[in-house]
Amino acid sequence: VVAGNGAVEVDQPLELSAAGSHDPDGGIAEYRWDFGDGGTAAGVEVRHIWREPGRYRASLTVSDGTGLVNAENTAEFLVEVADAPRTQIVTAEAACAGESLRFSLSNLPAVDDPQALRWSFGDGSQALGETAEHSFAQPGTYSVGVTGPLDRAGEMLLTPIARLVKVNRPPVPIVDTERKTCPGTVVSFDASRSFDADGEIATYDWDFGDGQLAVGDKVSHAFSAPGTYPVRLMVTDRSGSSCASVIETVDIFVNAPPVADAGPDSDIYVGGAVDSYVLDASGSRDPDGDALDHYWSLSNGYELDGEKVRVEITEPGTVTAELTTSDEHGLDCSVATDTVTIRARLRQQSSLLSEPGQDALE
């Protein structure tokens, strides 16, 4: 007969008794115990500790010592060994450099002197007591430990407890893209060179600054109107810490095309000593306020640069001047054109027209 609780926790002793066993025609000479985990014992009253959780088939064998065939009898019994709620270090799952962390102990048995509990944080720092606070100056993985006398099953044991604490290194966002573009042009944004030194990037979130959003390491977007847009990329790692997300902002300039103005068409007279005409692009403008370059191409073969240029026209006829105005950005939308028509007539025919000087002569 075995007396005792058939359930116990890991590292907790179980008291077992065979005092209820008897021999109808004599006395019991020997009590042999097998605890199912490799451990054995002898005696009427025994005490055993199982170190691993599980179900163990234990047995008690009693013998009267006569050496006869029926001199022994064995009784088996099951022992359920539960995983004990062991004392553990409680703190945040992940932290950031410089962040103050609180450390405590769960399921802490009674301790006579809390100051006997000594904390070590893996960076050379220590503390005493049932709780502690500490901040790590640098990212990394630290082994935080506590050593002290803990009451286990009525016995004071010098028990070390440890756990790893990850101090996160924030991810690094990198954006590759063109910084200048035109309205309606699709722009590619590539964040695939972003990295996380101690893990991996979980999400890429984009805000294009015009109300539109996107997700992914490679995205594209077209801006509908000119302007400068702060495009924000937020990369987030898997640490779950307060420094898991980092934002990188790049300004995308969407160019407003210039406006070319070659001036009004004109009638002039030729046949004098010096006949010339001033081409004037001063009416051209750029909505962004950029400086403009001007290039003139005339149907009579002349090519000229400048906002105001003088061209000699000596023969009667019609001359067409095409003005190309460009801003400094070198984009497809950086160029605009306009044309002006100059009609030249011989001076002796002027009596049929208004007096010279009313035309664009200077």
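Everything below is about the structure printed above this text.
Nothing here was measured: the structure is a model prediction, and the numbers come from that model. (Residues numbered from 1 in each chain as written. Predicted model: local features only at pLDDT ≥ 70, side-chain atom pairs only at ≥ 80, totals over all residues. Heavy atoms only, no water.)

> Can you help me understand the overall build of the protein in this one?
Along its length, the protein carries 0 helices and 29 strands. Against the compact-globule benchmark of 21 Å for 362 residues, the protein has a radius of gyration of 47 Å, which places it well outside the compact range. Along the first, second and third principal axes, the C-alpha atoms of the protein reach 160 × 45 × 25 Å. Counting every position in the protein, which comprises 362 residues, the buried fraction comes to 36%. Put simply, of all contacts in the protein between residues at least 6 apart along the chain, 59% involve residues at least 24 apart. Seen as two clouds, the 24 positive and the 59 negative side-chain charges of the protein have centres 2 Å apart. (Helix = DSSP H or I, 4+ residues; strand = E, 2+ residues; numbered from the N terminus. Rg over C-alpha atoms; globule rule 2.2 N^0.38 Å. Buried < 20%, exposed > 50% of the residue type's maximum accessible area, 1.4 Å probe, protein only. Contact = heavy atoms within 4.5 Å. Lys, Arg positive; Asp, Glu negative; His and termini not counted. Charge placed at Lys NZ, Arg CZ, Asp CG, Glu CD.)

> I would appreciate a short explanation of the state of the cysteines in the present structure.
Put plainly, a disulfide is one covalent bond tying together the sulfur atoms of two cysteines. Summed over the entire model, instances satisfying the criterion amount to 2 disulfides. Shown here is the disulfide that connects Cys96 with Cys243, its sulfur atoms set 2.2 Å apart. Taking the torsion about the S-S bond as the criterion, the Cys96 to Cys243 disulfide, at about -105 degrees, is left-handed. A residue pair is termed long-range when its members are at least 10 positions apart, and Cys96 in strand S9 (residues 94-96) and Cys243 in the loop between strand S21 (227-237) and strand S22 (245-254) qualify at 147 residues. In this pair, the class of Cys96 matches that of Cys243, namely buried. When the cysteines engaged in disulfides are numbered in sequence order, the protein pairs them as 1-3, 2-4. (Disulfide = S-S within 2.5 Å.)

> Can you walk me through the environment of Glu178 in this structure?
Its place among the elements puts Glu178 in the loop between strand S15 (155-168) and strand S16 (180-181). The exposed category is assigned to Glu178, whose relative accessible area is 59%. Remark: the alpha-carbon pair of Glu178 and Leu213, spanning 35 residues in sequence, is separated by 18 Å. Each residue touching Glu178, except ones within four places of it in the same chain, is listed here: Val187 and Ile252.

> What exactly am I supposed to notice about the sheet that holds strand S29 (residues 335-346) here?
Strand pairs in the sheet, formed through backbone hydrogen bonds, run parallel or antiparallel to each other. Pairing is mixed across the open sheet formed by 5 strands, whose spatial order is S23-S29-S28-S25-S26. Bordering the open sheet on either side are strand S23 (266-270) and strand S26 (303-305), each of which pairs with just one other strand. Going across the sheet, the axis of each strand differs from the next one's by a mean of 25 degrees, ignoring polarity. With 6 bridges joining them, strand S25 (residues 293-298) and strand S28 (residues 317-326) adopt antiparallel strand pairing. What sits directly across from Ser297, in S28, is Glu322. (Pairing = 2+ DSSP bridges. Axes fitted to C-alpha atoms, helices over the stretch in contact; angles between N-to-C directions.)

> Explanation requested: the pattern of salt bridges in the structure shown.
Should their charged atoms come close, side chains of opposite charge can pair. Overall, the coordinates contain 9 salt bridges when judged by the stated rule. Note that Arg57 and Glu76 form a salt bridge whose closest N and O atoms lie 3.4 Å from each other. With a gap of 19 residues between them, Arg57 in strand S6 (residues 54-63) and Glu76 in strand S7 (residues 72-82) connect regions that are remote in the sequence. The burial state of Arg57 is the same as that of Glu76; both residues are exposed. Salt-bridge contacts for Arg343 lead to Asp267; the nearest nitrogen and oxygen are separated by 2.5 Å. (Salt bridge = Lys/Arg side-chain N within 4 Å of Asp/Glu carboxyl O.)

> I tried to follow the nonpolar core on my own but got confused; where do I start?
Taken as a class, soluble globular proteins show a tendency for nonpolar side chains to be buried jointly. Ile268, Tyr277, Leu279, Trp296, Leu298, Ile313 and Ile342 are the most contacted members of the largest nonpolar core, which has 19 residues in total. At 4 residues, the largest contribution of residues to this core is made by S29. Listed in part, the 18 residues of the second largest apolar core include Trp206, Phe208, Val219 and Phe223. (Core = buried A, V, L, I, M, F, W, Y, C linked by side-chain atoms within 4.5 Å.)

> What's the story with the side chain of His134 in this structure? I'm lost.
Note that His134 resides in strand S13 (residues 132-135). Judged by its relative accessible area of 12%, His134 falls in the buried class. A polar contact is formed between the side chain of His134 and the side chain of Asp123, at a distance of 2.8 Å. When residues no more than four places from it in sequence are discounted, the contact partners of His134 are Glu99, Ser100, Leu101, Phe103, Phe121, Asp123 and Ser125. (Polar contact = N/O pair within 3.5 Å; in protein donor to acceptor, adjacent residues only side chain to side chain.)

> Please clarify how the environment of Ala321 should be interpreted in this entry.
By the secondary structure assignment, Ala321 is in strand S28. Between the C-alpha atom of Ala321 and that of Asp265, which follows or precedes it by 56 residues, the distance is 9.8 Å.

> Help me understand the packing of aromatic side chains, please; the structure alone is not making it clear to me.
Think of a pair of aromatic rings as described by two things: how far the centres are apart, and how the planes are tilted against each other in angle. Counted by the stated rule, this structure contains 12 aromatic pairs. Ring plane angle 90 degrees and centroid distance 5.9 Å describe the contact between Phe35 and Trp50, whose orientation is recorded as edge-to-face. Highlighted residues: Phe35 in the loop between strand S3 (30-34) and strand S4 (40-42) and Trp50 in the loop between strand S5 (45-49) and S6, separated in sequence by 15 residues. The burial state of Phe35 is the same as that of Trp50; both residues are buried. Taken together through their ring pairs, the aromatic side chains of Phe189, Trp206, Phe208, Phe223 and Tyr229 make up a single cluster. (Phe/Tyr/Trp six-rings, centres within 6.5 Å; stacked < 30°, edge-to-face > 60°.)

> For this particular structure, what's the right way to read the sheet that holds strand S19 (residues 213-215)?
Here 5 strands make up an open sheet; going across it, the order is S16-S22-S21-S18-S19 and the pairing mixed. The sheet is open, and its two borders are formed by S16 and S19, each paired with just one other strand. Strand direction decides the pairing type here: strand S18 (residues 201-207) and S21, joined by 6 bridges, are antiparallel. In the sheet register, Thr203 faces S21, and the bridge partner there is Thr236.

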